[in-house]
Amino acid sequence: MAATLVLIEHDRQQVKRPSLHAITLARQLGGEYALLVLGHGLDAIAASLVSCGASAVIVADDAALAEPLADRYAAVIAQAAQKYGAKTLIGSSSTFSKDILPRAAALLDAPMVTDVLALEEVNGERAYRRPTSAGSMLATVKIEGDRCVLTARATAFEAPAADAAPCPIERFDFDPASLPNGMQFISREQRASDRPDLTEARVVVSGGRPLQDPETFERLVGGLADALGGAVGATRAAVDAGMAPNDYQVGQTGKVVAPELYIAMGISGAIQHLAGIKDSRIIVAINKDPDAPIFQMATYGLVGDLHQLVPQLIEAVRRG
Amino acid sequence: MKIVVPFKSVPDPYAGPGAAAKSVVNPFDEIAIEEALRIRERGEATEIVGVTIGPATVDEQIRSALAMGVDRALRIDDSRALDPYAVARILRALVAKEAPQLVLMGKQAVDDDSNQVGQMLAGLLGWPQATFISKIEFLENKTRAQCTRETDGGLEVIVVNLPAIVTTDLRLNEPRYVSLPGLMKARKKPIEVLTCEQLGVTVQPLTTTLSTARPPKRAAGTRVESVEELMVKLKQEAKVL
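Residues numbered from 1 in each chain as written. Chains lettered and ligands numbered in written order. Predicted model: local features only at pLDDT ≥ 70, side-chain atom pairs only at ≥ 80, totals over all residues. Heavy atoms only, no water.

Brief notes about the sheet that holds strand β15 (residues 282-287) of chain A
Which entries qualify depends on this criterion: Only strands joined by at least two bridges in the DSSP assignment are considered to pair. Counting from the N terminus, the helices are the DSSP runs of H or I reaching at least four residues and the strands are the DSSP runs of E reaching at least two. Fitted lines through C-alpha atoms serve as axes, helices being fitted only where they are in contact, and the angles separating the N-to-C directions of these axes extend from 0 to 180 degrees. Whether two residues touch is decided by their heavy atoms; if any such pair falls within 4.5 Å, the residues are in contact.
Read from one edge to the other, the open sheet built from 6 strands follows the order β13(A)-β12(A)-β14(A)-β15(A)-β16(A)-β13(B), with strand pairing classed as parallel. Looking at the sheet topology across the chains shown, the edges are occupied by β13 (231-234) of chain A together with β13 (222-224) of chain B. Recorded for the sheet is a direction-independent mean angle of 20° between the axes of neighbouring strands. Two strands pair when backbone bridges link them, and strand β12 (residues 203-207) of chain A and β13 of chain A are joined in this way by 4 bridges, in the parallel orientation. Among the inter-strand pairings, V204 of chain A is bridged to a residue of β13 of chain A, identified as A231 of chain A. Packed onto the sheet, helix α7 (residues 227-237) of chain B meets β14 (261-265), β15 and β16 (300-303) of chain A together with β13 of chain B and runs at close to 170° relative to β16 of chain A.

Concerning the pairing of strand β3 (residues 57-61) of chain A
Residues and elements named next belong to chain A. The following threshold applies: Between buried and exposed lies partly exposed: a residue is buried under 20% and exposed over 50% of the maximum accessible area for its type, with that area taken using a 1.4 Å probe on protein chains only.
Counted residue by residue, β3 has 5 buried out of 5 residues, so it is predominantly covered. With 5 bridges connecting them, strand β2 (residues 33-39) and β3 associate as parallel partners. When the bridges of β3 are listed, V37 appears paired with V59. Note: β3 against strand β10 (residues 169-171), 3 bridges, orientation parallel. Looking at β10, one finds that V59 is bridged to R171.

Side note on the interface of chain B and chain A
For clarity, the threshold we go by: Summed over both partners, the accessible area lost on bringing two parts together, with a 1.4 Å probe, is the buried area. Salt bridge, as applied in this entry: a Lys or Arg side-chain nitrogen positioned within 4 Å of an Asp or Glu carboxyl oxygen. Distance and chemistry together define a polar contact, namely a pair of N or O atoms within 3.5 Å, with one atom able to donate a hydrogen and the other to accept it when in protein, and with adjacent residues in sequence counting only for side-chain atoms on both sides.
Taken together, the 72 residues of chain B in the interface contact 82 residues of chain A. Here chain B packs against chain A, burying approximately 6400 Å² in sum over the two surfaces, 52% of which is carbon and sulfur. Where chain B packs against chain A, one counts 4 salt bridges. Put simply, R171 of chain B and D240 of chain A hold a salt bridge, and the shortest N to O gap is 2.9 Å. Counting across the chain B and chain A interface gives 49 residue pairs in polar contact (both at pLDDT 80 or more). Those elements that provide at least two residues to the side of chain B that touches chain A are α4 (117-125), β7 (129-139), β8 (144-151), β9 (154-161), β12 (207-213), β13 and α7 of chain B. Broken down by element, the residue count for the side of chain B that touches chain A peaks at 8 residues, all from β9 of chain B.

Spelled out as structure tokens, the structure:
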């Protein structure tokens, strides 16, 4: 039995670091929690999770789960929640969780709160703080009943310490033949990159429309990111203009980042973009428009032509 | 093929600061409407049914959907503050009644940002789902749909059996502008009004928003005059390099 199940995300090689941050929310809720991993060939991944303070690592390992298809995954997750008597199901805010967990919530007849930022207490009752309207408002939400599904904003919760005594790994048995069969995986874009993951990087360098074309974008944004050992992000406009791939988009409908250092180049600061960066510790803005809204929230602002300034900055970083 | 497009009325997210925000069709749902129209224009759909939930004040946004080209519009009359799970349960009853081959809707509403209803509806119906899509094509005499999904790791392609729930991401299409004659014509189209009771569904929202607040504002920092000055600040003041 476990009061809470935390769904762990992985890429077949290793656990996605942000998904571990959801464990911290499970700890804050109190009670025992178990980690749940689905996939195929999970021995190494399961073994990497035993020191996270969970009561168990529950593994659903089967060829039928080789790809994260929502109908199958939600069915197995709901079965596991029922078997272990878990009242709360948590994942981190990612497209993986957002695809699968609402479906699991419906199967469990449970309400769901997306993007939890913090736990609150209102008149002695538990409540959840979450952003709405592209982060321009914070709502405090209460849930009726004793069951719920939550996604945790990884940037709002620390990574948990992994120094607990090892917990058991339990195999979750289910009947693969009983799973839904209406979805089929075809392919996934593979892009080799030596750069760190956008949502995990200590430094993120992002570019907007003034970067003009993919070559300039790569030379200036990619060049500075590489000099700093950082990740590359982009605005919706830059992605729409074909300068950067879709999954580089940072903002309300893209990724939420909170690095130590965020450098915004040629980004005016639409509210939808700012929603994805405002918890960064240091924000640097480089823009030729002195009135750009990004300067209202940047720690350091530099007004000027990025085609001149950024090569200088890359050079200065390289010099150390 | 019949397509149901559920949509939500939301405050205009592009209204300038201080301006009284008028209501609009949720931008992601507008993309869903546009895609349904394109599917019909390619001869792959015969009817598009738009549906929303709310009081009569949302009729304005229903007119926008009709003006874009939706064939028929339904409003489920309910003025309560519903949560995504309540909306999904109401839509399940509506989908059971309309029996479409495809439900196409936005991946999230830009006011609530929950990103739940489509997936919950798929779970309740036991239908396949394709979320956050940037492309859809029909296969095998429209018994299946191949969808490109936008995920954190890049693009993913899946095939779903129909009927299915499909939710739209930003880059699926650019919605058309509503023409004035379209808007005039839409004024004459009927809006069918249903109640939850007529749909045979009783739902109570299970989540309640107790309060809302503005987040603390990030203070504007300092302007620097040169790359050299920026480097000094980053090293000595912010200690981030």
